[in-house]
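Here is what each chain is made of, one letter per residue.
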Amino acid sequence: MEISDLKLEKKITLSRSDALIIVDVQNDFIPGGALPVEGGNEIIDGINRVSKVFKENRARIVLTQDWHPPNHKSFASAHPGKNPFDEYSAEGIGPVLWPDHCIQGQKGAEFSPQLNTDIADAIIRKGMNPEIDSYSGFLENDKKSETGLAGYLKSLKIDRIFVCGLALDYCVYFTAMDGKNLGFEVYYIIDLTRGIDDPPGNISRALENMTQNGIKFLKADIFYNF
Ligand code: VGL
Ligand code: ZN
């Protein structure tokens, strides 16, 4: 399945029961960073524009931040003889190993300076447990340890979430899937994301799984036409 095959929503009216979840727009995921996502820089102005519309409509804005200790088990450097992007599966880690990225307190873990972070209501950090990765903004990869995001949204009576950011087939994908499984109505802003696609076919599988799970898709221009 490709992006051009997705059926897109035509109209959205925002309110205070909506939230925009901006996933991992950090230096290391932007070209020039340690785990660059191709075109990752191209989506940031669009994200800033959409977050302004959310704010104007009293919807909430949440940023997620990948925030690893230096010895994280998702890094190839933690496994002697392994290289970044080598296949590797263990409980809570994989399906590939990553270059060292988004290390707590380092430049690569900071949000892109292009991102408007002033507008955010909350920042949720994830990936701090050295033994388990956390692709989703809701749950770590053990699928039970919570970040607190679901509780934050539920306490504010938010029932619809709109996801964007990096990367399409990893952290944004798992945030969308967990959000749906936790009972939120999930909208994926498909032109405000870019993918890694490793292993090859990963983007296509992610789109397929999300479609089957009832996640809805839209483009950013839907927010400028109401
Ligand atoms: C991500 C791989 C490793 C992401 C984070 O933000 O999509 N991908 N850590
Ligand atoms: Zn990571």
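Note that the structure is predicted; figures quoted are calculated from it, not measured.

## Focus on the sheet that holds strand β2 (residues 60-66)
Working step 1: An order of β3-β2-β1-β4-β5-β6 is seen for the six strands of this open sheet, with the pairing classed as parallel. Among the strands making up the open sheet, the edge pair consists of β3 (122-126) and β6 (216-218). Pairwise comparison of adjacent strand axes, ignoring direction, gives a mean angle of 25° for this sheet.
Working step 2: The sheet contact formed by strand β4 (residues 160-166) and strand β5 (residues 185-194) spans six bridges and is parallel. Its bridge partner being in β5, G165 is matched across the sheet by T193.

## Points about the coordination of the zinc ion (ligand 2)
Ideal geometry at a metal centre: 109.5 degrees between donors when four sit tetrahedrally, and 90 or 180 degrees when six sit octahedrally.
Working step 1: Around the zinc ion (ligand 2), the donor atoms from the protein are D66 (OD), H68 (NE2) and H101 (NE2), and they sit 2.0 to 2.2 Å away.
Working step 2: Considering all four donor atoms around the zinc ion (ligand 2), angles at the metal cover 88 to 169° and the coordination shape is irregular.
Working step 3: Sequence spacing of the donor residues for the zinc ion (ligand 2), all on one chain, is D-x1-H-x32-H. Placement of D66 in strand β2 and of H101 in the loop between β2 and β3 is noted, with a sequence separation of 35 residues between them.
Working step 4: Residue class for D66 comes out buried when judged on its relative accessible area of 3%.

## Observations concerning the site of ligand 1
Working step 1: Every residue lining ligand 1 is accounted for by D24, F29, L35, D66, W98, H101, Y135, L166, A167, Y170 and C171.
Working step 2: One of the side-chain N or O atoms of D66 is found 3.1 Å from a nitrogen atom in ligand 1.
Working step 3: The separation between an oxygen atom of ligand 1 and a polar main-chain atom of A167 is 3.0 Å.
Working step 4: Calculation on ligand 1 without its partners gives an accessible area of 260 Å², and the protein chains cover 100% of this total.
Working step 5: When grouped by side-chain class, the residues that make up the shell around ligand 1 number eight nonpolar, one polar and two charged.

## So, the pairing of β2
Working step 1: Here β2 lies mainly inside the structure; six of its seven residues are buried.
Working step 2: By the bridge criterion, five bridges tie strand β1 (residues 18-23) to β2 in an arrangement that is parallel. For L20, the partnering residue across the bridge sits in β2 and is I61.
Working step 3: Crossover connection from β1 via helix α1 (residues 44-56) to parallel β2: handedness right-handed.

## With respect to helix α4 (residues 202-212)
Working step 1: Those residues of α4 that fall on the buried side of the exposure criterion are N202, I203, A206, L207 and M210. Projected down its long axis, α4 shows its buried positions confined to an angular sector of 135°, all on one face.
Working step 2: Those residues of α4 that are buried are in contact with α3 (171-181), β5 and β6.
Working step 3: In the segment just after α4, G214 is the residue with positive phi, at about 85°.

## As for the packing of aromatic side chains
Working step 1: By the definition in use, this model includes 12 aromatic pairs.
Working step 2: Judged by centre distance (5.7 Å) and plane angle (25°), the ring pair of F138 and F184 falls under stacked. With F138 in the loop between β3 and α2 (149-155) and F184 in the loop between α3 and β5, this pair connects stretches of sequence that are 46 residues apart.
Working step 3: Three or more aromatic residues joined by ring pairs form one cluster here, namely F85, W98, Y135, Y170, Y173 and F174.
Working step 4: Over the ring of Y224 we find R49; its NZ or CZ atom is 3.7 Å from the centre of that ring.

## Details of the packing of α3 against α4
Working step 1: In contact at an axis separation of 11 Å, α3 and α4 are set at 15° when each is read in the N-to-C sense. Taken together, the axes of α3 and α4 lie roughly parallel to each other. Classified by chirality, the crossing of α4 by α3 is left-handed. Counted together, Y173, A176 and M177 of α3 and A206, N209 and M210 of α4 form the full contact between these two elements.

## Considerations on the environment of V50
Working step 1: Here V50 shows up in helix α1.
Working step 2: A relative accessible area of 1% means that V50 is categorised as buried.
Working step 3: Beyond its immediate sequence surroundings of up to four residues, V50 is in contact with L20, I189, L192, A220, F223 and Y224.

Rules of the game
Residues numbered from 1 in each chain as written. Chains lettered and ligands numbered in written order. Predicted model: local features only at pLDDT ≥ 70, side-chain atom pairs only at ≥ 80, totals over all residues. Heavy atoms only, no water. Pairing = 2+ DSSP bridges. Helix = DSSP H or I, 4+ residues; strand = E, 2+ residues; numbered from the N terminus. Axes fitted to C-alpha atoms, helices over the stretch in contact; angles between N-to-C directions. Donors = N, O, S within 2.8 Å, 3.2 Å for Na, K, Ca; no water. Tetrahedral: all angles 85-135°; square planar, octahedral: opposite > 155°, others 65-115°. Buried < 20%, exposed > 50% of the residue type's maximum accessible area, 1.4 Å probe, protein only. Near = heavy atom within 4 Å. Polar contact = N/O pair within 3.5 Å; in protein donor to acceptor, adjacent residues only side chain to side chain. Areas by Shrake-Rupley, 256 points an atom, 1.4 Å probe, with all protein chains shown as cover. Nonpolar A, V, L, I, M, F, W, Y, C, P; charged D, E, K, R; others polar. Right-handed = clockwise from strand over helix to strand, strands pointing away. Arc of directions from axis to C-beta. Contact = heavy atoms within 4.5 Å. Phe/Tyr/Trp six-rings, centres within 6.5 Å; stacked < 30°, edge-to-face > 60°. Lys NZ or Arg CZ within 6 Å of the ring centre and 35° of its normal. Parallel < 35°, antiparallel > 145°, perpendicular 65-115°, else oblique. Left-handed = near helix turned anticlockwise from the far one by under 90°.

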